Amino acid sequence: MQLYTKTGDKGLTKLVGGQSVAKDAERVNAYGTIDELNSWIGLTISRMTDSDALKEELLQLQHYLFDCGSDLSTPQGVYPYKVDKKLVEWIEERIDTYADIPPALETFILPGGDEIASMIHVARTIARRAERHIVATMWTTEINNEVLVFVNRLSDYFFALARVLNFRKNRPDVAYERGVKVFHNITKADVERWASKRD
């Protein structure tokens, strides 16, 4: 099987259905960043032990990320989209489960801690970048909006998951040293959401 097509020699790539677009188009940046995130999750899984129950969940997430990339590379009407509300419900259920495990936050925290938790924090920042590219795409092109919703939830998911991983390894959160108590009279879910979306 020949892997190279030579289409990229002129700075172009093909979307699903055959339409040619520039390789630096926002749509390509969007699904390319999703691919980067998927690869990073693959690396994270490879660093886990075989007994780690989280590996199966992250593998499922990889399939969902592939669905996201597929939808982003498919112009509307070419093929049915794969990402729907069921995927959003899946990730929201995982966020809600993880958010109730570690102690509530009162300040912003630094990313880091256990190696796997730190890698999940990196995944969170890649997800945020993917979201920015998806938003830039949607201003000029019709896309599957459920992909945007799902990717928007990803940063919350990774933040909550990283905190749980550190909590289980007895690695306490490190408060941002020039921060003040900014979370009061709000729900724990609000804290988790705001702390994971500081940009």
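Keep in mind the model is a prediction, meaning the values are calculated, not measured.

Trainee: Can you lay out the overall build of the protein for me, pointing to particular residues and giving the numbers?
Mentor: Regarding its fold elements, the protein presents six helices and two strands. Secondary structure elements of the protein, listed N to C terminal, follow the sequence β-β-α-α-α-α-α-α. Scored against the burial criterion, the 199 residues of the protein give a buried share of 43%. In the protein, of all internal contacts separated by at least 6 residues, the share reaching a separation of at least 24 is 77%.

Trainee: Can you tell me about the nonpolar core, naming the residues and giving the values?
Mentor: Formed by 45 residues in total, the largest nonpolar core has its most connected members in L37, L58, F150, L154, Y157 and F158. Every element with two or more residues in this core is listed here: α1 (26-46), α2 (54-72), α3 (85-99), α4 (115-138) and α5 (145-168). Discounting residues that sit within four places of it in the chain, L37 has contacts with L65, A123, I126, A127, L154 and F158.

Trainee: So what's going on with the side chain of N38? Which residues, and what values?
Mentor: With respect to the element layout, N38 can be found in helix α1. The class for N38 is buried, based on a relative accessible area of 9%. Polar side-chain contacts of N38 include one of 3.0 Å to the backbone oxygen of Q62.

Trainee: Requested: an account of α1, with residues and values cited.
Mentor: Over its 21 residues, α1 extends 30 Å from the first C-alpha to the last, a length consistent with the 30 Å expected when each residue adds 1.5 Å. Every buried residue of α1 is listed here: R27, V28, A30, Y31, T33, I34, L37, N38, I41, T44 and I45. On its buried face, α1 sits against β1 (12-14), β2 (20-22), α2, α4 and α5.

Trainee: Give me the packing of aromatic side chains: which residues, what numbers.
Mentor: A complete count under the given rule lists five aromatic pairs for this structure. Residues Y157 and F158 carry aromatic rings whose centres are separated by 5.3 Å and whose planes lie at 65 degrees to one another, so their mutual orientation is edge-to-face. Each member of the pair, Y157 together with F158, is buried. Joined through ring pairs, the aromatic side chains of Y64, W90, Y98, F150, Y157 and F158 make up one cluster. Just above the ring of Y98 sits the side chain of R94; from NZ or CZ to the centre is 4.9 Å.

Trainee: Any chance you could break down the packing of α1 against α2 for me, citing the residues and the numbers?
Mentor: Relative to each other, α1 and α2 sit at 165 degrees, their axes nearing to 9 Å. Taken as axis vectors, α1 and α2 run roughly antiparallel relative to one another. Note that α1 runs across α2; the crossing there is left-handed. Where α1 approaches α2, its residues R27, A30, Y31, I34, L37, N38, I41, G42 and I45 are matched on the opposing element by K55, L58, L59, Q62, L65, F66, C68, G69, D71 and L72.

Trainee: Break down the environment of E93 for me, with residues and values.
Mentor: Within the secondary structure layout, E93 lies in helix α3. Each C-alpha atom of the pair E93 and Y157 lies 9.6 Å from the other, and the pair is 64 residues apart in sequence.

Trainee: Outline the packing of α4 against α5, supporting the account with residue identities and numerical values.
Mentor: Two elements in contact, α4 and α5, have axes separated by 8 Å at closest approach and are oriented at 165 degrees. In this view, α4 runs roughly antiparallel relative to α5, as classed from their interaxial angle. Crossing angle aside, the handedness with which α4 passes α5 is left-handed. Taken together, the residues of the contact of α4 with α5 sort by class into 18 nonpolar, four polar and three charged.

Trainee: So, the pattern of salt bridges: which residues are in play, and what are the values?
Mentor: Overall, the coordinates contain 10 salt bridges when judged by the stated rule. The salt bridge involving E57 is made with R94; its shortest N-O contact spans 3.1 Å. Here E57, found in helix α2, pairs with R94, found in helix α3; they are 37 residues apart in sequence, far enough to count as distant. With its nearest N and O atoms 2.8 Å apart, the salt bridge here joins R153 to E92. Placement of R153 in helix α5 and of E92 in helix α3 is noted, with a sequence separation of 61 residues between them. One salt-bridge network, in which partners are shared between bridges, spans E57, E93 and R94.

Cut-off values and rules
- Residues numbered from 1 in each chain as written.
- Predicted model: local features only at pLDDT ≥ 70, side-chain atom pairs only at ≥ 80, totals over all residues.
- Heavy atoms only, no water.
- Helix = DSSP H or I, 4+ residues; strand = E, 2+ residues; numbered from the N terminus.
- Buried < 20%, exposed > 50% of the residue type's maximum accessible area, 1.4 Å probe, protein only.
- Contact = heavy atoms within 4.5 Å.
- Core = buried A, V, L, I, M, F, W, Y, C linked by side-chain atoms within 4.5 Å.
- Polar contact = N/O pair within 3.5 Å; in protein donor to acceptor, adjacent residues only side chain to side chain.
- Expected span 1.5 Å × (residues − 1).
- Phe/Tyr/Trp six-rings, centres within 6.5 Å; stacked < 30°, edge-to-face > 60°.
- Lys NZ or Arg CZ within 6 Å of the ring centre and 35° of its normal.
- Axes fitted to C-alpha atoms, helices over the stretch in contact; angles between N-to-C directions.
- Parallel < 35°, antiparallel > 145°, perpendicular 65-115°, else oblique.
- Left-handed = near helix turned anticlockwise from the far one by under 90°.
- Nonpolar A, V, L, I, M, F, W, Y, C, P; charged D, E, K, R; others polar.
- Salt bridge = Lys/Arg side-chain N within 4 Å of Asp/Glu carboxyl O.

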